[in-house]
Amino acid sequence: MREDLDYERIIMGIDPGTNVMGYGLLGINGKKLTPIVMGVITLNKFESHYLRLSRIFERVTGLIEQYLPDELAIEAPFYGKNVQSMLKLGRAQGVAMAAALARDIPITEYAPLKVKQVVTGNGGASKEQVANMLCYILKIGKDKLPSLLDATDALAVALTHYYEGQKPSAGTSAKSWEQFIKQNPNRLAKR
């Protein structure tokens, strides 16, 4: 199916959860960003935590097989007061990561504060603010937004990964403009 999508690169974003897990895939062609799909995996119908983990693995594996992402960006669990909830969330994240690792897909984690900061400019932004900024940046009609904003959070993680990849790498800073141009020929503006 990858040939039909015609993207240079695809980033899969995941917002892990034990009741609802969001996912979003972002296609990249040069500097053009296209949301491919976003949605949620609902897990609250499964009483057993182990069945939920199995479902996460199955669905993430299915998405990987369908869209063939090049990279996985996943939101890191934030620290809460409930240790049991943190443990379950960490397991859900780990199972999603295992699905990517089984396909040799590189994984990068981002803190929720980082994702909000990169996408909205405000580390304390609400889910609604993140969704609204995604609509603006990626030109998504508000009527196309899913009812559960875990999906837009996942797409925001993928977008964060794209933006973070655009930053100059540490240790490769140029000593002069001439060296910068040699290191970054694709960043020259054509007039």
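Preceding this paragraph is the structure being described.
Residues numbered from 1 in each chain as written. Predicted model: local features only at pLDDT ≥ 70, side-chain atom pairs only at ≥ 80, totals over all residues. Heavy atoms only, no water.

Participant: How do you make sense of the side chain of His161 when you look at a structure like this?
Facilitator: Among the structural elements, His161 can be located in helix α6 (residues 150-166). Excluding residues within four positions of it along the chain, His161 makes contact with Arg9, Ile11, Glu71, Ala73, Thr108 and Tyr110. (Helix = DSSP H or I, 4+ residues; strand = E, 2+ residues; numbered from the N terminus. Contact = heavy atoms within 4.5 Å.)

Participant: Before we go on, may I ask you to explain the pairing of strand β2 (residues 20-29) in this structure?
Facilitator: Two faces make up the sheet, and in a regular strand the side chains alternate between them. Counting buried positions along β2 gives 9 out of 10 residues, so the element sits mostly inside the fold. Where strand β1 (residues 9-15) meets β2, 7 bridges bridge the pair, whose relative direction is antiparallel. From the neighbouring strand, Arg9 faces β2, where its bridge partner is Ile28. If you look at the hairpin formed by β1 and β2, you'll find 4 residues sitting between the two strands. Two successive antiparallel strands, β2 and strand β3 (residues 32-42), enclose a turn made up of 2 residues, where Gly30 displays a positive phi of approximately 60°. (Buried < 20%, exposed > 50% of the residue type's maximum accessible area, 1.4 Å probe, protein only. Pairing = 2+ DSSP bridges.)

Participant: Help me out: how do you make sense of the pattern of salt bridges in this one?
Facilitator: Where charged atoms of side chains with opposite charge meet at close range, the side chains can pair. For the structure shown, the criterion picks out 8 salt bridges. For Lys127, the salt bridge identified is with Asp15, shortest N-O distance 3.9 Å. Placement of Lys127 in helix α5 (residues 127-138) and of Asp15 in strand β1 is noted, with a sequence separation of 112 residues between them. On the basis of relative accessible area, Asp15 is assigned to the buried category, the value being 5%. Taking the shortest distance from any N to any O, the salt bridge between Asp153 and Lys127 comes out at 2.3 Å. Placement of the pair is Asp153 in helix α6 and Lys127 in helix α5, with a sequence separation of 26 residues. Its relative accessible area of 35% is what places Lys127 among the partly exposed residues. Linked through salt bridges whose partners overlap, the residues forming this network are Asp15, Lys127, Asp150 and Asp153. (Salt bridge = Lys/Arg side-chain N within 4 Å of Asp/Glu carboxyl O.)

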